[in-house]
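Residue-level listing of the chains:
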Amino acid sequence: MENLVTLGEFLRASRSRLEPADVGFPATARRRVAGLRREELAQLAGMSVDYYTRLEQGRSRTASRAVLDSLAAALHLDDAERAHLFNLASQPERVQRRHHPRPQQVTAGVQQLLHRLDAAYCPAFVLGRRTDFLAGNRLASALIADFSALPAHERNQARFVFCDPYARELYATWEDVAADTAAMLRMEAGRRSDDPALSELVGELSEHSADFRRMWADQRVIERTEGTKGYHHPVVGHLTVSYQAMALAGEEDQTLFIYTTPADTADETALRLLATWSSSTDSLAASRRPAVEG
């Protein structure tokens, strides 16, 4: 992962997204690069141009907390981006180990919770490391895809988004969903630069999807907490859900996603219709499709 996740690449990408006028520099007609120049960012961060250049070019392997704080402030990083910056900067100080963590699985209590959420007309599922799909309720399978019907190594949300043509039809704003998915993987790559399975997944997605290559190169990072998502579902049509993403206590790298809709709305009606449709085993089986085609 060293060639995929570097402090310099992230600094350059973050610098290119800042407009000079946004940070008090006059806008000039001729700029050879997008965003701020190195000397402008160095000035904002209170450091020499030479030192910043060495950081960006990978010639300085360490940076103090004070330096990172200054860079985060100068680059106007949000909380997720700031955490990613610190993750990347700390890589050389870590003891890199090639480890093989035990396979992730959800507890019986979480499985019961997913089942209960079905009764409340709430699609819900759990993602693990690398956006691996670990478990979901019936309504989530009917709304998105029946990952449980796939071979274990194919149960992955990012692989579904970028490699299954159906995903482009399903998500109302596929470009936004895909960009956020790539940013989630980029965030994890900053935390787990020594994860060979993550490196393999990034390589696979890069090989099969030009969109992923473009979005991965953007160097965006996000932490999913809450938001909305729209679907064009082949059975119930268009609907919009709100989601909450919650880390499961006591379970490393497991996130529970719960989808809800306001009461007495067309979106709630759509989920209730979908629940009725999915209660038929034949109907749910007919909706299954491979998460990777081609």
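Description of the structure in this document.

Rules used throughout
Residues numbered from 1 in each chain as written. Predicted model: local features only at pLDDT ≥ 70, side-chain atom pairs only at ≥ 80, totals over all residues. Heavy atoms only, no water. Salt bridge = Lys/Arg side-chain N within 4 Å of Asp/Glu carboxyl O. Helix = DSSP H or I, 4+ residues; strand = E, 2+ residues; numbered from the N terminus. Buried < 20%, exposed > 50% of the residue type's maximum accessible area, 1.4 Å probe, protein only. Contact = heavy atoms within 4.5 Å. Pairing = 2+ DSSP bridges.

### Some points on the pattern of salt bridges
Stage number 1. Applying the stated criterion across every chain yields a total of 16 salt bridges.
Stage number 2. Close ionic contact of Asp 180 with Arg 224 constitutes a salt bridge, the shortest N to O distance being 3.9 Å. A residue pair is termed long-range when its members are at least 10 positions apart, and Asp 180 in helix H10 (residues 174-191) and Arg 224 in the loop between helix H12 (210-217) and strand E3 (226-233) qualify at 44 residues.
Stage number 3. Note on Arg 224: relative accessible area 17%, which makes it buried.
Stage number 4. The salt bridge partner of Glu 223 is Arg 191, with a shortest N-O separation of 2.0 Å. Taken together, the residues span a long stretch of sequence, with Glu 223 in the loop between H12 and E3 and Arg 191 in helix H10 at a distance of 32 residues.
Stage number 5. We classify Glu 223 as partly exposed; its relative accessible area is 41%.
Stage number 6. Salt bridges sharing partners connect three or more residues here, namely Arg 168, Glu 175, Asp 211 and Arg 214.

### Considerations on the environment of Tyr 51
Stage number 1. Among the structural elements, Tyr 51 can be located in helix H3 (residues 49-56).
Stage number 2. Taking the C-alpha atoms as reference, Tyr 51 lies 10.0 Å from Ala 63; in sequence the two are 12 residues apart.
Stage number 3. For Tyr 51, the residues in contact, after removing those within four places along its chain, are Ser 60, Thr 62, Ala 63 and Val 67.

### Looking at the pairing of strand E1 (residues 124-127)
Remember that side chains alternate between the two faces of the sheet whenever the strand is regular.
Stage number 1. Burial along E1 is two-sided: Ala 124 and Val 126 and Phe 125 and Leu 127, pointing in opposite directions, are all buried.
Stage number 2. In this structure, E1 lies alongside strand E5 (residues 255-260), joined through four bridges in antiparallel fashion. Each residue of the ladder has a partner; that of Ala 124, found in E5, is Ile 258.
Stage number 3. When E1 meets strand E2 (residues 133-136), the two strands line up antiparallel, connected through three bridges. Along E2, the bridge assignment pairs Leu 127 with Phe 133.
Stage number 4. Following E1, the chain reverses through five residues before pairing antiparallel with E2; Arg 130 in that reversal takes a positive phi of roughly 65°.

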